[in-house]
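Fold and geometry: a report
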Amino acid sequence: MHKIVMCACCEFGQEIAEYLLQQNIHITRIVSLTSDMAQKNKVSGYTSYENFAAKHNIPIYYPKSYALKNEVDYSFFQENAFDLLILGGWQRLIPEKILKTLGIGGIGVHGSSEFLPKGRGRSPINWSLIEGKQRFIMHTFLMKAGADNGDIINFKFFDINKWDTCQTLYYKYSIVVKKMLVADIPKLLQGQYKLTPQIGEATYYPKRTPEDGLIDWSRTVFEIYNFIRALTKPYPGAFSYYNDNKVFLWKAQPFDTQISYYGAQIGEVVEVFPSGEFVINCNSGLLLVTSADITPEVGYLFKSAPIQNEA
C-alpha cells in the first residue's frame, strides 16, 4: 500500500482529509502542531487534529520545528519513506531535504488570478479581491524547493463575482481543491501523470499583516468595497479610526454614485438607518456599511490614522 503523509494544522486541511478518506484515499500519517506551537508561530486558522486523528485511527507526528528544519523531523520523514505528501493549510515551505525523502513527491496547491508563475506568494485570495479580479485559477503542482515553483499537475478555474468575500472564495477554494486532489492522487500513485513546466517571468504577492487592513479613504468607493470584502472574517478585518479608536468594518457595498451630500467630507457618515446600517461619503460614490463594530452618528468622520497622529 502506498504511504501518504499530510502536513496540516488548519480547519481547511481537515475538510480535505475527510473528503479524501471518503473517496478511499488512505492517509498514513498526519504531521500537525500543538496549540502551543501554533500560538508561537502565529498560525492563522489553527485547529487541533487530535480528535480527527483519533476518529480515523491515524497517528499524529508533532514536529520539533514548524519549518521542518530540525534533524529529528528529517529523520522522521527519512525513516517512514512516504510516497506522497499533501498539505492542508501548512503555512511554511517544505525543505528540499524532506522532499527528497518522498518516493513520488509533494503535491503543492496554489491559486492566483493568473496562470503560474504569475501570482506566486502570500494571500492570493485577498490580493485578487483587492485588485478587483474576476477569476481565480487553482493549480496543483509537484513541489520543488522554493515558493509555488513546481511543474503543474492540474488546474481549474472558478469565478470571483461581485458578491464574493474572502470567506466565500475559500468555500470555492475548498470545493475545487478536494476535487482536484481526488483526481490527481490516483494518477500520481499509478505513475499516470504528465507535468507541465511553469513558463514566463514569475511575480509574487507580498505577505499581508493585520496592520495592512487600514482603509485608505482617498480610494474610490469600489476600491474600498473590494478592500473590505477581501479582509473580512475569518481574516483580521479592514479598519479605520475615529479619534484614537480603531473601528472594524466587516461588510459593505457600493451604495450609489448619483446621490450627493453637499459639503460632506470623504469618510464622513451621511446617513444612519434604524437598522444600524450607515452610509459613508467616499470618492466617486457612497458606501453602505452593513456590519461594523459600531453604529455611528451622522457627521462621524472616519480617518486613515488616529487624530493624535495628524500634523
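A short tour of the structure in this document, coming up. Everything numeric here is computed off the predicted structure, so don't read it as measured data. (Residues numbered from 1 in each chain as written. Predicted model: local features only at pLDDT ≥ 70, side-chain atom pairs only at ≥ 80, totals over all residues. Heavy atoms only, no water.)

Our next topic: a positive patch on the surface. The grouping of Lys 42, Arg 92, Arg 122 and Lys 207 at the surface amounts to a positive patch. Overall, Lys 42 belongs to the exposed group, its relative accessible area being 73%. (Patch = residues over 30% accessible without salt bridge, like charges linked within 9 Å, V, L, I, M, F, W, Y side chains within 5 Å. Areas by Shrake-Rupley, 256 points an atom, 1.4 Å probe, with all protein chains shown as cover. Salt bridge = Lys/Arg side-chain N within 4 Å of Asp/Glu carboxyl O. Lys, Arg positive; Asp, Glu negative; His and termini not counted. Charge placed at Lys NZ, Arg CZ, Asp CG, Glu CD. Buried < 20%, exposed > 50% of the residue type's maximum accessible area, 1.4 Å probe, protein only.)

Attention now goes to the packing of helix 1 (residues 11-22) against helix 7 (residues 166-189). Relative to each other, helix 1 and helix 7 sit at 40 degrees, their axes nearing to 10 Å. Our classification of the angle between helix 1 and helix 7 gives oblique. Of the two elements, helix 1 crosses helix 7, and the hand of that crossing is right-handed. Where helix 1 abuts helix 7, its residues Phe 12, Glu 15, Ile 16, Tyr 19 and Leu 20 lie against Tyr 173, Ser 174, Val 177, Lys 178, Lys 179, Leu 181, Val 182 and Ile 185. (Axes fitted to C-alpha atoms, helices over the stretch in contact; angles between N-to-C directions. Helix = DSSP H or I, 4+ residues; strand = E, 2+ residues; numbered from the N terminus. Parallel < 35°, antiparallel > 145°, perpendicular 65-115°, else oblique. Left-handed = near helix turned anticlockwise from the far one by under 90°. Contact = heavy atoms within 4.5 Å.)

Right, let's get into the pairing of strand 1 (residues 4-8). Every regular strand shows the same layout, with side chains that alternate between the two sheet faces. Within strand 1, five of the five residues are buried, which leaves it mostly tucked inside the rest of the structure. The alternating pattern of strand 1 places Ile 4, Met 6 and Ala 8 on one face and Val 5 and Cys 7 on the opposite face, and all of these are buried. Of the strand pairs in this sheet, strand 1 and strand 4 (residues 84-88) are connected by five bridges, and their pairing is parallel. Across the sheet, Met 6 pairs through a bridge with Ile 86, a residue of strand 4. Of the strand pairs in this sheet, strand 1 and strand 2 (residues 29-31) are connected by three bridges, and their pairing is parallel. When the bridges of strand 2 are listed, Cys 7 appears paired with Val 31. For the crossover that starts at strand 1, traverses helix 1 and ends in the parallel strand 2, the hand is right-handed. (Pairing = 2+ DSSP bridges. Right-handed = clockwise from strand over helix to strand, strands pointing away.)

Remark: the centre distance and the inter-plane angle together describe each pair of aromatic rings, the angle taken between the planes. All told, the structure shown has 21 aromatic pairs when counted by the stated rule. Ring pairs connect the aromatic residues Trp 217, Tyr 242, Phe 278, Tyr 300 and Phe 302, which therefore count as one cluster. Seen from the ring of Phe 239, Lys 246 lies directly overhead, with NZ or CZ sitting 4.4 Å from the centre. (Phe/Tyr/Trp six-rings, centres within 6.5 Å; stacked < 30°, edge-to-face > 60°. Lys NZ or Arg CZ within 6 Å of the ring centre and 35° of its normal.)

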